[in-house]
Amino acid sequence: MNVAILGVGTVGEQVAKILIQNQKLISARAGKDIKPVIGVVRNLDKKRDVNLPLTNDINSVINRDDIDIYIELMGGVDEPYRVVSEILHRKKAVVTANKALLAYHRFKLQNLTGDTPFGFEASVAGGIPIIKALREGLSANQILSINGIMNGTSNYILTSMMNSGVKFEDALKKAQELGYAEADPTFDIGGFDTAHKLLILASIAYGVHGDPEDILIEGIEGITKDDIFFAQDFEYVIKLLAIAKKVGDKVELRVHPALVAKDKMIAKVDGVMNAVSVAGDAVGETMFYGPGAGGSATASAVISDLIDIARGTNFPMMGYKSPLEIKSLELLAQDEIRTKYYFRLKVDDKVGVLARITNLMSENNLSIDSFLQKPHIKNEENDKKATLFFTTHTSREADVKRVIRILEEQEFIREKPFMIRIEQ
Ligand SMILES: NC(=O)c1ccc[n+]([C@@H]2O[C@H](COP(=O)([O-])OP(=O)(O)OC[C@H]3O[C@@H](n4cnc5c(N)ncnc54)[C@H](OP(=O)(O)O)[C@@H]3O)[C@@H](O)[C@H]2O)c1
């Protein structure tokens, strides 16, 4: 089978290399030769470590009759959507690693693809076969929940803060030096990359529609050494979690930093590694662990899709042969989320402040579970401030947001109140 690689960058280069390096094994497994015949790039002058004819004329490649499978590895949303749509109109198979494309256009692409194979294993958690797990291995189950650590950059930063006591800014700088973080890291540390992946998994698990703008997304930028101090004292770790949960006839989707009990399996996933835990009604809890990014790990997933297509195995793109009959699986409103919460408050260190905070919380339906005051260190101006930490029993997001709004207006508050959700 002839393959065109649209985008010969970090992942595309590795796809071409592995197809050549493991050619005999891949042919034996696929039952056919899979041959990369052309690569598309923007800049033909760039030096590349790949033995493949290259062009910068993408339209001529899309219209070739001798290509059987197109691999889209360009990145972005609009141009890949245009390109992939044209390829699907020509009934040619597509494989992509592009989570942004799928986060916005997966259902339109599902309608376009029909019976034409469309592989996207590499779009979520790189080398971990989580799409296969949800779409195939766990297809008998009602999915009760998905909890994932699906951004290596954020997990590396949080692990460094927890284990080495470094500040967020220093951990980010180190991640950039090691090539784990982009020069502009917003997409990773802001939770957006994780949200794209969560939407893809949730669509397979629940058939749920939605764009990234429809779900709760918070990043890790606000986490300080004070939060790490609290987490360590109370036997938690802080992780950027992607959470999908069935709540009655709705689905809750959220991405945010979370305090997770140290003894949980997912709490032990450190550094750039990814993990996804899936709970099904029949199977119970399962856990998938592995490298979530990197050229080679991602190429491994891309090629597994190529092999499936060459074998003639074709799964329904989002895992459903006919429309999902459970019509009320809609997104839960963000205000209706219920979980436990942690607050960090920097306040004037004076009599009556603590009582005012606790009264305010109870008047707004928040019941305090634990409280800690960080030992006060006076600064040069003999400025009397205190850092207070509270955790709540299970509460409603709407109540928590209202309390934060009210707290912000109080004269004793010295810094914007900070909250982290606690996951059981
Ligand atoms: N890197 C990872 O670890 C990873 C992991 C999982 C998923 N992914 C996904 O895989 C995809 C590729 O990522 P990557 O890291 O390999 O990106 P990359 O290193 O930036 O490579 C992108 C390639 O696409 C080419 N390209 C971009 N726009 C183009 C256009 N309009 N026309 C023709 N060629 C174009 C670029 O050409 P030039 O080289 O000439 O600029 C480059 O060769 C993305 O969707 C990404 O989200 C990546």
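Here is a short report on the structure shown in this document. Keep in mind the model is a prediction, meaning the values are calculated, not measured.

## Topic: the overall build of the protein chain
Looking only at helices and strands, one finds 14 helices and 18 strands in the protein chain. For 424 residues, the compact-globule formula gives about 22 Å, and the C-alpha radius of gyration of the protein chain, at 24 Å, lands near that figure. With respect to the principal axes defined by its C-alpha atoms, the protein chain has extents near 80 × 50 × 35 Å. Pairs at least 24 apart in sequence give 73% of the contacts found in the protein chain among residues at least 6 apart. Accessible surface for the protein chain amounts to roughly 18900 Å². Of this, 49% is attributable to carbon and sulfur atoms.

## Quick look at the pairing of strand E1 (residues 2-6)
Burial analysis of E1 places four of its five residues in the buried class, which makes it a mostly covered element. Bridging between E1 and strand E2 (residues 35-40) involves five bridges; their strand directions are parallel. Directly across from valine 3, in E2, lies its bridge partner proline 36.

## Some details on the site of the ligand
Around the ligand, the structure places 22 residues, and the nearest of them are Thr10, Val11, Asn43, Arg48 and Gly294. A distance of 2.9 Å separates an oxygen atom of the ligand from a polar backbone atom of valine 11. Contact distances for the ligand include 2.7 Å between an oxygen atom and a backbone N or O atom of asparagine 43.

## Some thoughts on the pattern of salt bridges
For the structure on display, the rule yields 29 salt bridges. Measuring nitrogen to oxygen at the nearest pair gives 2.9 Å for the salt bridge that ties aspartate 49 to lysine 17. Of the two residues, aspartate 49 sits in the loop between E2 and strand E3 (54-55) while lysine 17 sits in helix H1 (residues 10-21), which places them 32 residues apart along the sequence. In this structure, the salt-bridge partner of lysine 99 is aspartate 193, at a minimum N-O distance of 3.3 Å. Here lysine 99, found in helix H5 (residues 99-113), pairs with aspartate 193, found in helix H10 (residues 192-206); they are 94 residues apart in sequence, far enough to count as distant. Overall, the relative accessible area of 25% leaves lysine 99 in the partly exposed class. We classify aspartate 193 as buried; its relative accessible area is 3%. Salt bridges linked by common partners bring Asp226, Asp227, Arg344, Lys346, Lys374 and Glu415 together as one network.

## Quick notes on the environment of alanine 301
Position of alanine 301 relative to the elements: it lies in helix H12 (residues 295-311). For the pair formed by alanine 301 and tyrosine 320, sequence separation is 19 residues and the distance between their alpha carbons is 21 Å.

Reading the values: the criteria
- In this convention, every chain numbers its residues from 1, walking through the sequence in written order.
- Local features in a predicted model are, by the rule used here, given only for residues with pLDDT of at least 70; side-chain atom pairs are given and counted only at 80 or more, and totals for whole chains, interfaces and linings are based on all residues.
- Side-chain metrics rest on all non-hydrogen atoms present in the structure, leaving aside hydrogens and water.
- To qualify as a helix, a DSSP run of H or I must reach at least 4 residues; to qualify as a strand, a run of E must reach at least 2; elements of each kind are numbered from the N terminus.
- Both definitions apply: the radius of gyration is a C-alpha atom measure, and the globule rule equals 2.2 Å times residues to the power 0.38.
- Every residue pair with non-hydrogen atoms within 4.5 Å of one another is taken to be in contact.
- All accessible areas in this document rest on Shrake-Rupley with a 1.4 Å probe, and a residue is counted as covered only by the protein chains that are shown.
- Buried, partly exposed and exposed residues are distinguished by accessible area as a fraction of the type maximum, computed with a 1.4 Å probe on protein chains only: under 20%, between the cut-offs, and over 50%, respectively.
- Between any two strands, pairing holds if DSSP finds at least two bridges.
- Proximity is defined per residue: any heavy atom of the residue falling within 4 Å of a molecule or strand makes that residue near it.
- In protein, a polar contact requires one atom able to donate a hydrogen and another able to accept it; more generally it is a pair of N or O atoms within 3.5 Å, and residues adjacent in sequence count only if both atoms are side-chain atoms.
- What makes a salt bridge here is a side-chain nitrogen of Lys or Arg within 4 Å of a carboxyl oxygen of Asp or Glu, nothing more.

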